[in-house]
Amino acid sequence: MHRFPPPQIPWVSTTTFHSLPTPAPSPQLFPQSPERCPIASQPDDFTRIVRMGFQNMDNLQRQQLLAELLNSCNTEQLVFVSNYISPRLKRDFLKDLPIEISLHILSFINDPKTLSRASSVSKFWHSLLKDDFTWKNLCVRYHFRRRSSISKLLQSSSTPDSINPCCPRFSYKDHFRRRYVVETNWKYGGRTLVTHISPDSGVVTSLQMCNKYIVVGMDNKKIHIFGASDGKYVKTLTGHEGGVWALQYFDEILVSGGCDRDVRVWDIKTGQCNHVLRGHTSTVRSLKMKDNKIAVSGSRDTSLRVWDIKEGRMLHLLIGHQASVRCIEICGDLVVSGSYDCTARVWDMVTGNCRYVLQGHFSQIYSIAFDGEKIVTGSLDSTARVWSAHTGQCIGVLQGHTSLVGQMQLHGSTLVTGGSDGGIRIWDLETNQCTQRMAAHDNSVTCLQFDDKRIVSGGNDGHVKLWDVKTGNFIRELTAQGNAVWRLAFNDTKAVILLQRETKTVMEVLDFDDANP
């Protein structure tokens, strides 16, 4: 090993270094004088003298001395030096920067797993990653919105002094962690919260799922109610004399209609029927509520009726269709109806007048979507048409399906349609172009729902499939195959699936939130 020449040290002669014998006992750096005690007996004085001498050297002299000392060390001593020096050479760049800049640097990390590992680097990094700003940015990137209930809670607690100690302060970190787990479970996990098997083979005709209840309408005259949080059975509403074909609830008020031609208004809490609204002369095939006071029903008798469900009386009779009214949608004071007479109509619920007749389809209309600005109708002629709610003019014809367009949902400028050809298509209504095409099922698409992340579809082939709404890619099947899927619904953390399996009607409630007990 190369040995550096000894430095010129004013308090030790050069001769002393060159005259060191090898291999001999370690030389004496300072000659002992008869009057002084051995150095070994005075380590503190020796260390002090060496330190003072080292401090008086320039940089080159220090390097030369250190090289000489290291050359004289054995392996064990070199390991000690390495372990002693290594931590002192490490530098925490985030700790040396202002906190604002450190947080800005961390905001560029998009992977939550990387952030989680970073929080384990040191106590300082852990404290940095407790900052809600970083996790808020991550929530925005992943489109993890805060729920309205949480927003209302925070608005009601506008000052620190007004925060309810029983209601912990909202944490974006905890919110992100929970939503990330939920999204991961949608793709790879989840659990079956509860399974209900009907003792008979009744067909499910309608389903609604909200925060509090799951309501199921059957063709065997019954309406079953389950808790949305745990999927447990609550009660059954009986009174219809024929199959229930349409229902909707708002707050604690449920309105239903069916083959007995009656519209019934129920109090969900008590299970009592408040009103029986008569007037239709054939099956009530479609029904929608504006709020907990107004409802509209459409019948195979070609008419629509607007009801005051609080007082139990009819407000308007809407006549104009020449065949069965198959579907209804409400937005504001407007109701749009689709009929087997190949037309759709826009009605004013306040006056009872028909504003527009939407003509263009060549066969029966089976599905409709309406957001106040645009109306979309799906027909047996295999097309979907887009109409202006303000002018009644057709502004687009969506072609691509090869059979009945029986399922659709509209949100913003995105429309998702499902057909009897087993296909699902995603449309951009800004351009009226199809952005994704999926050969989803081997038979008719019987139900579908989508949000800003996923599409869930069910078909007559008995499959329930999960899709990426942005790419159209298939993700996985949500449950075991049945004979046919009747209805499905989902929210952020749960999905409800009603299907026929081995001649029995089965309801499965799937849970994707690990925070639920």
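Before any of the text, the structure's been laid out above.
Just so it is clear, the model here is predicted, and its values are computed rather than measured.

**Q** How should I be thinking about the overall build of the chain in this particular structure?
**A** Of the regular secondary structure elements, the chain holds eleven helices and 32 strands. Within the span of the chain, comprising 517 residues, buried residues form 45% of the whole. At a minimum sequence separation of 6, the contacts of the chain that also span at least 24 residues come to 42%. Of the accessible surface of the chain, which amounts to about 27,300 Å², a share of 52% is contributed by carbon and sulfur atoms.

**Q** Would you mind going over the packing of aromatic side chains with me for this structure?
**A** When we look at a pair of aromatic rings, we describe it by the centre distance and by the angle of the planes. Tallied over the full model, the rule gives 15 aromatic pairs. Taken together, a centroid distance of 5.7 Å and an interplanar angle of 50° make the contact between Trp135 and Phe176 tilted. Linking Trp135 in helix α9 (residues 132–141) with Phe176 in helix α11 (residues 172–188), this pair joins segments that are 41 residues apart in sequence. Relative accessible area serves as the criterion here: at 7%, Trp135 is assigned to the buried category. A residue is classified by how much of its surface remains accessible, and Phe176, at 2% relative accessible area, is buried.

**Q** Would you mind going over the side chain of Gln449 with me for this structure?
**A** Here Gln449 is to be found in strand β26 (residues 445–450). For Gln449, the side chain forms a polar contact with the main-chain oxygen of Phe490, separated by 2.8 Å. Setting aside its immediate chain neighbours within four residues, Gln449 contacts Gln409, Arg454, Ile455, Val456, Leu488, Ala489 and Phe490.

**Q** Would you take a moment to explain the sheet that holds strand β15 (residues 334–339) for this structure?
**A** Within a sheet, adjacent strands bond to each other through the backbone by hydrogen bonds, running parallel or antiparallel. Within the open sheet, the four strands sit side by side as β14-β15-β16-β17. Their pairing is antiparallel. Single-partner strands in this sheet number two, and they are β14 (325–331) and β17 (354–359). Each adjacent strand pair in this sheet contributes to an overall mean axis angle of 15°, direction not counted. Relative to strand β16 (residues 343–348), β15 is paired through five bridges, and the arrangement is antiparallel. Looking at the pairing, Val336 lines up with Val346 of β16.

**Q** How do you make sense of helix α4 (residues 75–89) when you look at a structure like this?
**A** Within an α-helix, residues lying three or four positions from one another point in the same direction, as the helix has 3.6 residues per turn. Between the first and last C-alpha of α4 there are 21 Å, a value that for 15 residues agrees with the 21 Å anticipated at 1.5 Å per step. Regarding α4, its N-cap is Asn74, as a side-chain oxygen of that residue lies 3.3 Å from the backbone nitrogen of Glu76 further along.

**Q** Sorry if this is basic, but what is going on with the packing of α9 against α11 here?
**A** In a pair of packed helices, the angle between the axes and the distance between the axes together describe the arrangement. Viewed as axis vectors pointing N to C, α9 and α11 meet at an angle of 35°, and their least axial separation amounts to 8 Å. Handedness of the crossing formed by α9 with α11: left-handed. Facing α9, whose interface residues are Asp132, Trp135, Lys136, Leu138 and Cys139, α11 presents Tyr172, Lys173, His175 and Phe176. Considering only residue class, the contact of α9 with α11 consists of five nonpolar, one polar and three charged.

**Q** I tried to follow the pairing of strand β3 (residues 213–218) on my own but got confused; where do I start?
**A** Two faces make up the sheet, and in a regular strand the side chains alternate between them. By the criterion of burial, β3 is predominantly enclosed, with six of the six residues buried. Along β3, one buried face is formed by Tyr213, Val215 and Gly217 and the opposite face, lined by Ile214, Val216 and Met218, is buried too. The loop that links strand β2 (residues 204–209) with its antiparallel partner β3 comprises three residues. Taken together, the five bridges between β3 and strand β4 (residues 223–227) define a ladder with antiparallel strand orientation. Residue Val216 lies in a different strand from β4, and its bridge partner there is His224.

**Q** Just checking my understanding: could you explain the nonpolar core for this structure?
**A** Nonpolar side chains in soluble globular proteins tend to be buried together. Judged by nonpolar contacts, the single largest core of 16 residues is most densely connected at Trp186, Val456, Val464, Leu478, Ile497 and Phe512. Every element with two or more residues in this core is listed here: α11, β28 (464–468), β30 (484–490), β31 (494–501) and β32 (504–511). Setting aside anything within four residues of it in sequence, one finds Ile497 in contact with Val464, Leu478, Thr479, Val485, Arg487, Leu488, Val506, Met507, Glu508 and Leu510.

**Q** I would appreciate a short explanation of the environment of Glu430 in the present structure.
**A** Looking at the element boundaries, Glu430 is found in the loop between β24 (423–428) and β25 (433–439). Exposure remark for Glu430: the relative accessible area of 64% places this residue in the exposed category. As for Glu430 and Gly412, which are separated by 18 residues in sequence, their C-alpha atoms are 9.7 Å apart.

So, how was this worked out
- Residues numbered from 1 in each chain as written.
- Predicted model: local features only at pLDDT ≥ 70, side-chain atom pairs only at ≥ 80, totals over all residues.
- Heavy atoms only, no water.
- Helix = DSSP H or I, 4+ residues; strand = E, 2+ residues; numbered from the N terminus.
- Buried < 20%, exposed > 50% of the residue type's maximum accessible area, 1.4 Å probe, protein only.
- Contact = heavy atoms within 4.5 Å.
- Areas by Shrake-Rupley, 256 points an atom, 1.4 Å probe, with all protein chains shown as cover.
- Phe/Tyr/Trp six-rings, centres within 6.5 Å; stacked < 30°, edge-to-face > 60°.
- Polar contact = N/O pair within 3.5 Å; in protein donor to acceptor, adjacent residues only side chain to side chain.
- Pairing = 2+ DSSP bridges.
- Axes fitted to C-alpha atoms, helices over the stretch in contact; angles between N-to-C directions.
- Expected span 1.5 Å × (residues − 1).
- Left-handed = near helix turned anticlockwise from the far one by under 90°.
- Nonpolar A, V, L, I, M, F, W, Y, C, P; charged D, E, K, R; others polar.
- Core = buried A, V, L, I, M, F, W, Y, C linked by side-chain atoms within 4.5 Å.

Scope: geometric values only; no functional claims are made or implied.
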